[in-house]
Amino acid sequence: MSNMSTYKEADLLSKEADNLIESLGLPASWSTLGPKEKRSLPQQDMPTQDPIQRGGNMDEVALGYTENQAIIEASRCLVCKNAPCVKGCPVSIDIPGFVCATAKGNFKEALEIIQESSMLPAICGRVCPQEKQCMELCTVGKMNRDPMESVAIGRLERYLADRGADQKSNVEILPSTGKKVAIVGSGPSGLTTAADLVRLGHGVTVFEAFHKAGGVTVYGIPEFRLPKSIVQREVGKLESMGVKFVYDYLIGRTRTVRELMEKDGFNAVYVANGAGLPKFMNIDGENLVGVFSANEYLTRSNLMKAFEKKAMTPIYPSKKVAVFGGGNVAMDAARTALRLGAKEVHIVYRRTGKEMPARVEEVHHAQEEGIIFDLLTNPVRILGDDKGRVKGIECLKYKLGEPDASGRARPEPIEGSEFLMEIDTCITALGNGSNPLVTGTTPELNTNKWGNITVDEKTGATSMEGVFAGGDIVQGAATVILAMGDGRVAAQGIDEYLKAL
Ligand code: FAD
Ligand code: SF4
């Protein structure tokens, strides 16, 4: 399904890079490299944990570039005058700027360039779908006719962020304006707005329903893809800049949006409560014991540490697991189930690998770890035993028809192709809708037919005076970087609004 290279040990990749650096005299010789020489440099593979070993632990799979790998990878950049890659970045990072600095070995400067546009590079470098954004437009990828062969922009971003983790940010914080802003939700969108507003001198308080900050980056995306210590480090930086966090505080219950303004004196509110309402298939058997939404399954594992032996909330013991869906959430749930002890894990998806919305890298890692892909297959009912527990699923085989409204080939069931699979756990990973708690208690907020808050795209302003919104609650379930992009727009909109008060 994926055309990524086969696994090579980290030591070997590191040695190959060291030899190449020595033979080419990089980084000193960088300015003398012509386009042809740059194009002949091999794209640097990301070193990873051994696929068999990592199936048994929660540690991060990707280990990160070495310094020499980063220099070689950055040296592949052609420093295009029109920088098409920047147009693919939702927060417009100066990509040639930071990649060039890396190629020259100026790592501190490179990170500072990224930080001008993004405050969460260690997170974005790991989870952004770069192959569909900056890398899709990169000239090197275009020449190689494959965005996966572009300059590995995200891997470089991650390298710089990890290397400069303790680098003191030289961001200036303006004197206090005396204005107060409440932020609902501490996901990437809320954190980005908080950072921008606190820099401008506004008082910022983030209200979070859970006991930890980070949103989906903490309770959804697993430790083996994004270590939680990285998110906590970013939250810590915000605290040191003066942002206040209030945990276990549910807006819509503990306080409404209106009360935040009228009782607590906040001058503006940014609603960034995400899209946390899981979708189900509405097939027979979905109420059986052993059926989970991916949200619940991943939250139990990530936030409540169900994978630890002494966990207060142990997870359901599974041997044969079926995950329904083909996105990042499905890959995360399947790979988590494997690490929690399942002997056999299936991804059941009704289209082919080509249409899968998951990142190529995640599909590749799942394949390496032994996840079984049942493509062109869809469950029609879940079967239970006499104790009401899952014992299997009945599936239908599918074929691809004409493209549907989404532009993807429409999957069509093949009559009479029913078959049974013995399964003890089902996890639905079919996407998320908006949680109605905030909108339901704030009738002044206009929403669309999916329950997402509608906003002015240029400012993030909602239909309610002083209230702004962004991230998944506006976009529908989207991506970290889009949520961050919204956060930046709204921070500007809020600042303008506060100045005019
Ligand atoms: P969220 O991250 O959802 O944060 C919202 C926060 O608001 C949460 O902390 C929530 O607890 C809090 N909240 C909710 N209601 C209330 C309330 N009433 N009061 C107070 N607080 C409240 N994107 C990528 O770019 N790359 C990936 O690889 C990727 N993988 C993903 C894997 C999984 C399993 C999931 C679920 C999503 C993934 N995404 C990925 C999507 C990405 O994580 C989201 O688009 C992004 O986190 C949205 O950010 P946000 O700030 O809008 O919302
Ligand atoms: Fe470098 Fe690719 Fe951007 Fe050109 S498009 S500047 S090669 S990263």
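Summarised in this report is the structure supplied together with it. Every chain is numbered on its own, with residues counted from 1 as its sequence reads. Chain A is the first chain written and ligand 1 is the first ligand written, with later ones labelled in order. Per-residue local features are limited, in this predicted model, to residues with pLDDT of at least 70; the limit for side-chain atom pairs, both in listing and counting, is 80 or more; totals at the level of whole chains, interfaces and linings are taken over all residues. Calculation of side-chain values draws on the structure's entire complement of heavy atoms; hydrogens and water are dropped beforehand.

## Here's the deal with the environment of Ala272
To qualify as a helix, a DSSP run of H or I must reach at least 4 residues; to qualify as a strand, a run of E must reach at least 2; elements of each kind are numbered from the N terminus. Considering the arrangement of structural elements, one finds Ala272 in the loop between strand 4 (268-271) and strand 5 (277-278). Only protein chains enter the accessibility calculation, which uses a 1.4 Å probe; a residue is then buried when its area is under 20% of its type maximum, exposed when over 50%, and partly exposed in between. Taking relative accessible area as the criterion, Ala272 reaches 8% and is therefore assigned buried. Residues Ala272 and Ala469, spaced 197 residues apart in sequence, show a C-alpha to C-alpha distance of 5.9 Å. In this view, Ala272 contacts Val184, Gly185, Ser189, Gly190, Gly470 and Ile473; residues no more than four positions away in its chain are not counted. When checking whether two residues touch, look at their non-hydrogen atoms; a contact exists if any pair is within 4.5 Å.

## Some points on helix 7 (residues 107-115)
For helix 7, every residue scored as buried is listed here: Phe107, Ala110, Leu111, Ile113 and Ile114. The buried residues of helix 7 occupy one face: seen down the axis, they fall within an arc of 155°. Tucked into the core, helix 7 has its buried residues touching helix 4 (67-75), helix 6 (95-103), helix 8 (121-127) and helix 11 (153-163). The directions from the helix axis to the C-beta atoms form the arc being described.

## Observations concerning the side chain of Asn68
Its place among the elements puts Asn68 in helix 4. In protein, a polar contact requires one atom able to donate a hydrogen and another able to accept it; more generally it is a pair of N or O atoms within 3.5 Å, and residues adjacent in sequence count only if both atoms are side-chain atoms. Of the polar contacts made by the side chain of Asn68, one reaches the side chain of Asp18; its length is 2.9 Å.

## Focus: the site of ligand 2
A cutoff of 4 Å decides nearness: a residue is near a molecule or strand if any of its heavy atoms lies inside that distance of it. In the vicinity of ligand 2, the residues found are Cys77, Leu78, Val79, Cys80, Pro84, Cys85, Pro96, Cys138, Thr139, Val140 and Ile153. Going through the elements one at a time, helix 5 (84-87) and helix 10 (139-143) are the ones with two or more residues in the shell around ligand 2. We call Asp, Glu, Lys and Arg charged. Ala, Val, Leu, Ile, Met, Phe, Trp, Tyr, Cys and Pro are nonpolar, and the rest, Gly among them, are polar. Residues of the shell around ligand 2, tallied by class, amount to 10 nonpolar, 1 polar and no charged.

## Considering the site of ligand 1
Near ligand 1 lie 36 residues; those nearest to it are Val127, Glu208, Arg225, Ile251 and Asp472. Residue Ala478 places a main-chain N or O atom 3.3 Å away from an oxygen atom belonging to ligand 1. For ligand 1, whose accessible area on its own is 1000 Å², the fraction buried by protein is 94%. Looking at the shell around ligand 1, the elements with two or more residues in it are helix 12 (188-199), helix 13 (216-219), helix 17 (328-339), helix 19 (437-440) and helix 21 (480-499). Counting residues per element, the shell around ligand 1 draws most heavily on helix 17, which supplies 3 residues. Across the shell around ligand 1, the residue classes break down as 21 nonpolar, 11 polar and 4 charged. What fixes the domain bounds is an automatic or database domain assignment. When we break the shell around ligand 1 down by domain, the ones giving at least three residues each are domain 2 (180-276 + 433-499) and domain 3 (280-430). Each accessible area is a Shrake-Rupley result for a 1.4 Å probe, and residues are judged covered by the shown protein chains and nothing else.

## Digging into the pattern of salt bridges
Pairing is possible between side chains of opposite charge, provided their charged atoms come close. Within this document, salt bridges are pairs made up of a side-chain nitrogen of Lys or Arg and a carboxyl oxygen of Asp or Glu, the two lying within 4 Å of each other. What the rule picks out here adds up to 28 salt bridges. As a salt-bridge pair, Arg158 and Asp162 come within 3.7 Å of each other at their nearest N and O atoms. Here the residue Arg158 and the residue Asp162 both occupy positions in helix 11, the gap between them amounting to 4 residues, near one helical turn. Residue class for Asp162 comes out partly exposed when judged on its relative accessible area of 29%. Glu259 is paired through a salt bridge with Lys263; the nearest N and O atoms lie 3.6 Å apart. Residue classification places Glu259 among the partly exposed positions, given a relative accessible area of 24%.

None of the figures reported here should be taken as evidence of function without further support.
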